[in-house]
Amino acid sequence: MIRLAKEYFADQRDDDLKQLGQAFHRSDVPGHVTGKTNYFADRSFPGMLHLKMVRSPHHHARIRSIDTSEAEKHPGVARVLTHKDVPHNVYTILILIQIGPEDEQVLAADKVRWKGEAVVAVLADSERAAQEAAAKVKVDYEVLPAVLDMEAALKPGAPIVNEYHGQNYYRYDSGACRKVRFGDVEKGFAEADHILEQTYRSSPIEQAPAETTGCIVVPEGNDRFTCYTNTQALFFSLDNTSIILQMPGHKLRFVGGTVGGGFGGKVDVTTEPIAILASKLTGRPVSFIYSREEEMQVSSPRAAETIVIKDGVMNDGRIVARYVKGYTDAGAYSRHSPYGAQKGAAHYPGPYTIENVWADTYCVYTNRTPSSAMRGFGVTIADFALEVQMDKLARLIGMDPLEFRFINAYRDGDMKAHRQPTEGAALIECMQEASKAANWPVAEKYLRMSSYKGG
Amino acid sequence: MAIRRGRGVAAVNYPTGMNLGGDPSQALVHSTPTGNFMVTLSSVDLGQGLKQIMAQICAETIGVPAELVTIDTGDTDTGPHCMGTFASRGTHRIGNAVIQAATEARQVMLEVAAEELEVNASDLETDGTGNIHVKGAPQKAISIFDTALAAHFKRGRSISGRGMFLVPRSYPEVETGAMKPATCYAHACTVVEVDVDDETGEVTVVSVKNVFEIGRALNPRMVEQQLVGGSWMGLSHALYETTEPYYPNREHGGTDFNQYLMPGPGDLAETEIIVLERPAADGPYGAKGPGEMCANPQIPAVANAIFDAVGVRIDHLPITPERILRALRAQAAPAGA
C-alpha cells in the first residue's frame, strides 16, 4: 500500500542511513497484540477508592446550594469533595505558557456553564457505590439563559458565558482576534475578475481513543503521590496539578508513557488533580477513569467552527486577494482553544502564494461543552474550508481544479502572509505525483514546475 | 435515481511542532557495562510508535543496531522534561533531542575506543553492526561491547550524553501578524473517488490516493501505518462523525461505539499511500511531522468529489446522507417553490 517515490528531491538526500529508512517491526507491537502491554489501568491497589463525578444537567445555571449529606451516609462512601476542598480551584492549563486568565473551576462553586460540568466528586469502595451515592447529591440550581451558538454569543447584549473573561471571546494582545494583514485586500478585490464569498461550518468531533481518559493515584509512605496516568504530556499535567493543589512539584511523581490513543483528547488536565487531592485527603489509592459516555460527551471534543472565506480571482487563475474570518467555538472555557484559534491565523491563506491577505481568527465562548485539542485543530477544518473554496473558484472560472492549484501553489522564497519566506516547499511535487497516480491529467507545463526557487 | 460517481482533489500543508514554538524536549542516553544503550525520556507513546523510532534514531547516531537500544520513558522521577505528544512534534522535537544526547555519548565511546586502540578518536568510525575501527583499516578494531566494558571497569568513563531541543518561541506582531509559526511543513495531495446514491444520499468512497511529503520516512512500515490510519480518520470526519448531530438538542449524541457513527471495516476504501521525501533542514535526519496532516486532505477531497458526482455543495461537516438529500431536493425544487 505504500510506495516511496525516491525520484523526487533525490538531490537533497543522501540515502545512506543504516538504522533509519528501514522497515523494522515495532518492538512494542507483540505486547500490544497479545495483551501483555501494561496500561495505567492495569493496576489495582489494596483499599483503592473509585471516584465518580456529579455533573451539571444544565447548560447554564447558578448554584444555590449543594447538599452532600445523604451521599456521605451511603454505604461504602469514604469522602465527598466540593469546591471548598480544592486549594486553587480556578485554573487554566495554558497558564504554563502565559496564556491566561484562569477561567475554569475544578469543581463548580457558584455557577455551571455547560451541561456536564463537574460539581461534586464522590469517593467510595466500589464504582457502584460511588455511582449510587453520586445520585444522592442534591444541587439546587437556578437555571440561567444559555448561549448556544457563536453568532448569539457575539451579539451585543448576549449573556456573559464566562465572567473571568468579561466578554464572549478571548482577548488576544491584538484584540478580539488574532490578526494577519498582508498587502491590501481591498485593492485586490477591486482588481479581481470574480469575487466569491462562502461560509463553512463543522460540528464537534470526538477523539475516540480506545482507552478512556483516567488515572490511578497511590499515596506513598514519604508524603509523595504517584499518579499513573494516560496523559499525553506528563510534566504539563504534573505542573498544572502542582498549581491547582498548591503542592510543590517534588511531592508529585507522574508515571505513564504508554497510552491507548490520544488524538488530543488527553492534554486537558481533568482527572489527575482531583484524584490526587482525594488520595491526599483519604490517605488511600484513588482511581478516576472516565466511562465511555464521559469520554464521548464530557471530555473536550474538536471545536465546532465557522469559517468565512472571501476570495478575489482572475480569469487566468491567479488568486489576488483572500479574506478570512475564522470562529472557534471554545465552549464555556479556554482549555486549548485560544491556541487552536491562533494556529488557524498562522495557517491562512493555505499553501498558496497570495499577495493580499486578511485573516481574523476568534476564540468564542458559549455554554457548549468545552472544546480543546484534537489532531490538527486550528488547521483541519480550515483546510476543509480552503480546499472546498479552491474547488469552487476553479469551477467559477472554468478551470481544472488541480491545474488551478498549480497556478497558485507556494514555492521556495515566496513570502507568506505571516511574513516568513517559504522554505522546503513540496506542494507542487505532491500534486504532480497525484496527477500521475490518480490518472488526473494536467498540462505538461505543470508537470515541469518545481517547488525550488524560480521553478 | 442512480448511483453517480465523482472525483475530488485537495492539497494541503501542515506545520511541524507546537504553533509558534517554545516547546522543549530533552533526552538522556547512557550505555550499560556491556554496550547496550538506554534512552531516558518522559515522552508519551500514544500508540504511534514513538519508542521504536527513538530507538532507531539513537542507533543511527551512535552507530549500533537498533535492537541494542532500549527506550525508558514515562516517569517524571527519572525522565527529563518533554512538553508532550501533540502538534505533530514527537519525531521532530524528541528525535532532535535524542540525536544530541546520542552524539555526545558516541563521542565518549570513541574516545574510550581510541585509548584502547592507541589511536586518535577522530580516526575512528563505527560499522553499524557493533564494532569501532580505524578509518580505512577495518582490522584495527574493537567491539562496542569491549569498549563499554573498558569504559566502566578500566577507564572510569561514563558513555553518556544529554540532549535537548527547543524551537525558540515566536510572538506574533500585534497589527500585522508577522510571526514564525513553525520551522518546517509537511505536504499532501489527495484524490478521492466516490459513489453517491442520489435516492438515499449515501456516499461510498471508492478509492483514496494520497501523496504525502514528510521530509524523511524514518521507518517506512510505521509511516504507512500512521498515514493509512490518518487517511481513514479523514474519511470518518468527512462523512460520519460528530458528538452533537442535532445540536443544541443533545439527546442524539453518541455515548458509545454503537451510537457514535464511524466507518466500519467495510466502509473503508482502497487506500494508496505514496511518500515523497524532501528533508527538513532542522528535522532529525530530515524528518517532518505528518501525524496530524495525514487526516486532513481527505475531508475536502470527499466534499469536492460529492459535488462532482451529484452537483450539490455540502459546506457543513459531517456530510451526512440527510444533508445530501436535503440539498438534492432543494436543487430539484423549481425556482421560487
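Since this is a predicted model, take the numbers as computed values, not measurements.

Enquirer: Give me the overall build of chain B: which residues, what numbers.
Expert: Helix and strand counts for chain B come out as six helices and eleven strands. The C-alpha atoms of chain B give 26 Å as radius of gyration, which overshoots the globular expectation for 337 residues (20 Å, by more than 25%). Dimensions of chain B along its principal axes, counting C-alpha atoms only, are 95 × 45 × 40 Å. Looking at chain B as a whole, 64% of its 337 residues qualify as buried. Mean positive and mean negative side-chain charge positions of chain B (25 and 39 charges, respectively) differ by 4 Å.

Enquirer: Describe the sheet that holds strand β10 (residues 178-182) of chain A, with residues and values.
Expert: All names here are of chain A. Spatial ordering of the open sheet is given by β10-β18-β17-β16-β11, a layout of five strands whose pairing is mixed. Sheet topology places β10 and β11 (194-201) at the edges, where each strand pairs with a single neighbour. Pairs of neighbouring strands in the sheet enclose a mean axial angle of 5°, with direction left out of account. With nine bridges connecting them, strand β17 (residues 319-331) and strand β18 (residues 357-365) associate as parallel partners. If you follow Lys 325 over to β18, its bridge partner there is Asp 360. Of the strands in this sheet, β10, β17 and β18 touch helix α9 (residues 337-347), which is tilted by about 165° from β18.

Enquirer: Which residues make up the interface of chain A and chain B, and what values do they have?
Expert: Listed per partner, the contact involves 124 residues of chain A and 124 residues of chain B. Together, the buried faces of chain A and chain B total about 10500 Å²; carbon and sulfur atoms form 56% of this surface. Counting the contacts that link chain A with chain B gives eleven salt bridges. A salt bridge links B:Asp75 to A:Arg253; the nearest nitrogen and oxygen atoms lie 2.5 Å apart. Across the contact surface, chain A and chain B share 66 residue pairs in polar contact (both at pLDDT 80 or more). Counting residues per element, the side of chain A that touches chain B draws most heavily on helix α10 (residues 380-396) of chain A, at nine residues. Grouping the constituent residues of the side of chain A that touches chain B by class yields 55 nonpolar, 34 polar and 35 charged. Pairing of strand β1 (residues 2-4) of chain A with strand β11 (residues 270-276) of chain B, which is carried by three bridges, proceeds in the parallel orientation. Across the sheet, residue A:Arg3 finds its bridge partner in β11(B), namely B:Ile274.

Enquirer: I'd like a rundown of the domain arrangement of chain B, residues and numbers included.
Expert: For interface size, the figure often reported is the accessible area lost on association. Residue and element names in this part refer to chain B. Each assigned domain of chain B is listed here: domain 1 (3-16 + 182-332) and domain 2 (25-165). With 18 residues of domain 1 at the contact, the number on the domain 2 side is 18 residues. The junction of domain 1 with domain 2 conceals about 1300 Å² of combined surface from both sides, 58% of it contributed by carbon and sulfur atoms. A per-residue breakdown of the area domain 1 buries against domain 2 is headed by Met 222, Pro 284 and Tyr 285, which together make up 40% of the total. At the boundary of domain 1 with domain 2, the tally comes to six residue pairs in polar contact (both at pLDDT 80 or more). Of all the elements in the fold, those that place two or more residues in the side of domain 1 that touches domain 2 are β1 (3-15) and α4 (220-239). If one sorts the elements of the side of domain 1 that touches domain 2 by residue count, α4 sits on top with three residues. Class assignment of the residues belonging to the side of domain 1 that touches domain 2 gives a composition of eight nonpolar, eight polar and two charged.

Enquirer: If you had to explain the packing of aromatic side chains to someone new, which residues and values would you point to?
Expert: Taken as a whole and assessed by the stated rule, the structure comprises nine aromatic pairs over all chains. When the ring of A:Phe288 is compared with that of A:Tyr290, the centres are 5.8 Å apart and the planes differ by 70°; the resulting orientation is edge-to-face. When its relative accessible area of 1% is taken as the criterion, A:Phe288 is described as buried. Plain terms: the ring middles of A:Tyr327 and A:Tyr362 are 5.0 Å apart, the flat faces sit at 10° to each other, and that makes the pair stacked. Within this pair, whereas A:Tyr327 is found in strand β17, its partner A:Tyr362 is found in strand β18, the two being separated by 35 residues in sequence. The pair A:Tyr327 / A:Tyr362 is uniform in exposure class, with both members buried. Over the aromatic face of B:Tyr185 sits the side chain of A:Lys416, whose NZ or CZ is 3.5 Å from the ring centroid. Over the ring of B:Phe307 we find B:Arg313, and its NZ or CZ is 3.9 Å from the ring centre.

Enquirer: How would you sum up the nonpolar core? Please name residues and give values.
Expert: The nonpolar side chains of a soluble globular protein tend to be buried with one another. One finds A:Phe404, B:Val194 and B:Ile306 to be the most contacted residues of the largest nonpolar core, which totals 86 residues. Considering each element in turn, this core owes the most residues, nine residues, to α10(A). In this structure, A:Cys227, A:Leu238, A:Leu277 and A:Tyr362 belong to the second largest nonpolar core, which totals 65 residues.

Enquirer: I'd like to hear about unusual backbone geometry, residue by residue, with values.
Expert: A cis amide bond links B:Tyr247 with the next residue in sequence, B:Pro248, at an omega value of 10°. Relative to the elements of secondary structure, B:Pro248 occurs in the loop between α4 and β11. Here B:Leu317 and B:Pro318 are connected by a cis peptide whose omega angle stands at -5°. Mapped onto the elements of the fold, B:Pro318 is located in the loop between α5 (298-310) and α6 (321-332). For A:Asp223, which is not glycine, the phi torsion reads 70° and is therefore positive. Relative to the elements of secondary structure, A:Asp223 occurs in the loop between β12 (214-219) and β13 (225-229).

Enquirer: Report on α10(A), specifying residues and quantitative values.
Expert: Residue and element names in this part refer to chain A. Taking 1.5 Å as the rise per residue, α10 with 17 residues should run 24 Å; its terminal C-alpha atoms sit 24 Å apart, in good agreement. Extensive coverage of α10 is indicated by the burial of 15 of its 17 residues. Taken from the residues just after α10, Gly 398 is the one with a positive phi, measuring 70°.

Enquirer: Could you give me a rundown of the state of the cysteines, with the residues and numbers involved?
Expert: Per the stated rule, a full pass over the model turns up zero disulfides over all chains. Left unpaired, A:Cys215 is separated from the closest cysteine sulfur, that of A:Cys227, by 4.2 Å. Unpaired in this structure, A:Cys430 has its nearest cysteine sulfur neighbour in B:Cys189, at a distance of 7.0 Å. A:Cys430 gets classed as buried once you look at its relative accessible area, which sits at 0%.

Calculation criteria
Residues numbered from 1 in each chain as written. Chains lettered and ligands numbered in written order. Predicted model: local features only at pLDDT ≥ 70, side-chain atom pairs only at ≥ 80, totals over all residues. Heavy atoms only, no water. Helix = DSSP H or I, 4+ residues; strand = E, 2+ residues; numbered from the N terminus. Rg over C-alpha atoms; globule rule 2.2 N^0.38 Å. Buried < 20%, exposed > 50% of the residue type's maximum accessible area, 1.4 Å probe, protein only. Lys, Arg positive; Asp, Glu negative; His and termini not counted. Charge placed at Lys NZ, Arg CZ, Asp CG, Glu CD. Pairing = 2+ DSSP bridges. Axes fitted to C-alpha atoms, helices over the stretch in contact; angles between N-to-C directions. Contact = heavy atoms within 4.5 Å. Buried area = accessible area lost by both parts, 1.4 Å probe. Salt bridge = Lys/Arg side-chain N within 4 Å of Asp/Glu carboxyl O. Polar contact = N/O pair within 3.5 Å; in protein donor to acceptor, adjacent residues only side chain to side chain. Nonpolar A, V, L, I, M, F, W, Y, C, P; charged D, E, K, R; others polar. Domains from an automatic or database assignment. Phe/Tyr/Trp six-rings, centres within 6.5 Å; stacked < 30°, edge-to-face > 60°. Lys NZ or Arg CZ within 6 Å of the ring centre and 35° of its normal. Core = buried A, V, L, I, M, F, W, Y, C linked by side-chain atoms within 4.5 Å. Expected span 1.5 Å × (residues − 1). Disulfide = S-S within 2.5 Å.

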